[in-house]
Amino acid sequence: MRMLLLRLFLSFMKIGFFSFGGLTMIPVINDEVLAYGWMTADEVMDIVAVAEMTPGSLGINCATFVGLRTAGVLGAIFASVGVMTPSLTLCMLAAHFILKLKGNQVMEHAMNGVRPVSMGMLLAVAVTLSQTTFFTGAGVQWNLIFIAAVCGILMFKTKITIPQTILLAAVLGLIIG
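Residues numbered from 1 in each chain as written. Predicted model: local features only at pLDDT ≥ 70, side-chain atom pairs only at ≥ 80, totals over all residues. Heavy atoms only, no water.

Chemist: Would you mind going over the packing of helix H1 (residues 2–17) against helix H2 (residues 25–35) with me for this structure?
Modeler: When two helices pack together, their arrangement is captured by the angle between the axes and the distance separating the axes. At a minimum axis separation of 9 Å, H1 and H2 run at an interaxial angle of 155°. In terms of orientation, H1 and H2 fall into the roughly antiparallel class. Judged by the twist between their axes, the crossing of H1 over H2 is right-handed. When H1 is examined against H2, the residues Ser11, Phe12, Lys14, Ile15 and Gly16 are found in contact with a partner set consisting of Met25, Val28, Ile29 and Glu32. (Axes fitted to C-alpha atoms, helices over the stretch in contact; angles between N-to-C directions. Helix = DSSP H or I, 4+ residues; strand = E, 2+ residues; numbered from the N terminus. Parallel < 35°, antiparallel > 145°, perpendicular 65-115°, else oblique. Left-handed = near helix turned anticlockwise from the far one by under 90°. Contact = heavy atoms within 4.5 Å.)

Chemist: I tried to follow H1 on my own but got confused; where do I start?
Modeler: Think of an α-helix as turning once every 3.6 residues; residues three or four places apart then point the same way. Over its 16 residues, H1 runs 22 Å from end to end, which matches the ideal 22 Å to within 8%, given 1.5 Å per residue. Residues of H1 that are buried include every one of Leu5, Leu8, Phe9, Ser11, Phe12, Ile15 and Gly16, and no others. (Expected span 1.5 Å × (residues − 1). Buried < 20%, exposed > 50% of the residue type's maximum accessible area, 1.4 Å probe, protein only.)

Chemist: Hey, could you run me through the state of the cysteines in this one?
Modeler: A covalent bond between the sulfur atoms of two cysteines is referred to as a disulfide. One pass over the structure, following the stated rule, counts zero disulfides. Unpaired in terms of disulfides, Cys62 finds its nearest cysteine sulfur in Cys91, a separation of 19 Å. Looking at Cys62, the relative accessible area reads 0%, which means it is buried. (Disulfide = S-S within 2.5 Å.)

Chemist: Can you help me understand the confidence of the model for the chain in this one?
Modeler: It should be kept in mind that the predicted coordinates are not to be read in detail where pLDDT is low. The predicted model of the chain averages 88 in pLDDT, with 99% of residues at 70 or higher. Taken element by element, the chain is modelled with least confidence in strand E1 (residues 135–136), mean pLDDT 82, and with most confidence in H1, mean pLDDT 93. (pLDDT = per-residue confidence, 0-100.)

Chemist: How should helix H5 (residues 105–134) be read in this particular structure?
Modeler: Over its 30 residues, H5 runs 44 Å from end to end, which matches the ideal 44 Å to within 8%, given 1.5 Å per residue. For H5, every residue scored as buried is listed here: Ser118, Met121, Val125 and Phe134. In this fold, the buried residues of H5 make contact with H2, E1, strand E2 (139–140) and helix H6 (142–158). The N-capping residue of H5, defined by a side-chain oxygen 2.8 Å from the backbone nitrogen of Val106, is Asn104. (Polar contact = N/O pair within 3.5 Å; in protein donor to acceptor, adjacent residues only side chain to side chain.)

Chemist: Looking at this structure, how should I read the side chain of Asn30?
Modeler: By secondary structure assignment, the location of Asn30 is in helix H2. You can call Asn30 buried: its relative accessible area is 12%. When near neighbours in sequence (up to four residues on either side) are disregarded, Asn30 contacts Val44 and Thr128.

Chemist: Just to check I follow, could you spell out the environment of Leu90 for this structure?
Modeler: Checked against the element boundaries, Leu90 lands in helix H4 (residues 58–101). For Leu90, a relative accessible area of 47% gives the class partly exposed.

Chemist: What should I look at first to understand the nonpolar core in this one?
Modeler: It is characteristic of soluble globular proteins that their nonpolar side chains tend to be buried jointly. Counting 23 residues, the largest nonpolar core has Phe12 and Val66 as its most contacted members. Every element with two or more residues in this core is listed here: H1, H2, helix H3 (41–53) and H4. Not counting residues up to four positions away in its chain, the partners in contact with Phe12 are Ile29, Trp38, Cys62, Ala63, Val66, Ala79, Gly82 and Val83. (Core = buried A, V, L, I, M, F, W, Y, C linked by side-chain atoms within 4.5 Å.)

Chemist: Could you clarify how one ought to interpret the layout of surface pockets in this entry?
Modeler: If a probe the size of a water molecule is rolled over the atoms, the empty space left behind becomes visible. Of the pockets and cavities examined, the largest pocket occupies roughly 1500 Å³. Along the walls of the largest pocket sit 29 residues, with Ala49, Leu129, Thr133, Ala148 and Ala169 positioned nearest its centre. Listed by contribution, the elements that provide at least two residues to the lining of the largest pocket are H3, H5, H6 and helix H7 (162–176). Looking at the lining of the largest pocket, its residues break down into 21 nonpolar, five polar and three charged. (1 Å grid on protein atoms, 1.4 Å probe; cavity = no way out; pocket = protein on both sides within 12 Å on 5 of 7 lines; lining within 4 Å. Points joined across faces, edges and corners; volume = space filled by probe spheres on them. Nonpolar A, V, L, I, M, F, W, Y, C, P; charged D, E, K, R; others polar.)

Structure representation (structure tokens):
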């Protein structure tokens with residue numbers, strides 16, 4: 001049990017260090033959870049969906065769910081603390097140096113490099129989620145593609161909120177399954 005708790009802590013600490021938060025965590029969470037056989041790809045998709053709908057950080061919500069499912073309450077605590085450790089450490093360091101780096105051209109250029117990488121990671125998330133959602137062993141899930149397209153178009157055209165989008169997707173799922 002100790003080794004499992006340590007592995008959960010280290011895996012989610014790795015997730016915290018090597019992702020930029022939010023949706024960029026999904027491929028790293030997927031890789032870690034599948035590598036250790038803690039869950040299946042479908043179960044990871046389910047926890048991501050639930051973690052997105054619940055209040056709080058996606059990373060902490062996923063860590064809590066995976067930890068709880070894998071090793072009970074202690075697992076949830078170890079995984080959650082693991083995913084928070086990098087952020088807390090880096091925030092404390094950043095707070096110390098933030099005033100010294102304000103207006104620094106090197107920092108400005110570094111941030112210009114981070115932005116495109118973040119977009120690439122979001123694209124990787126979209127591809128990963130599409131593969132496990134729209135293309136299954138039963139073939140192409142056209143009804144799910146339709147739901148995603150309708151919700152995507154409405155989000156861009158009418159600027160509906162995320163809770164409204166989730167509700168719309170749920171209703172469409174009930175109607176066309």
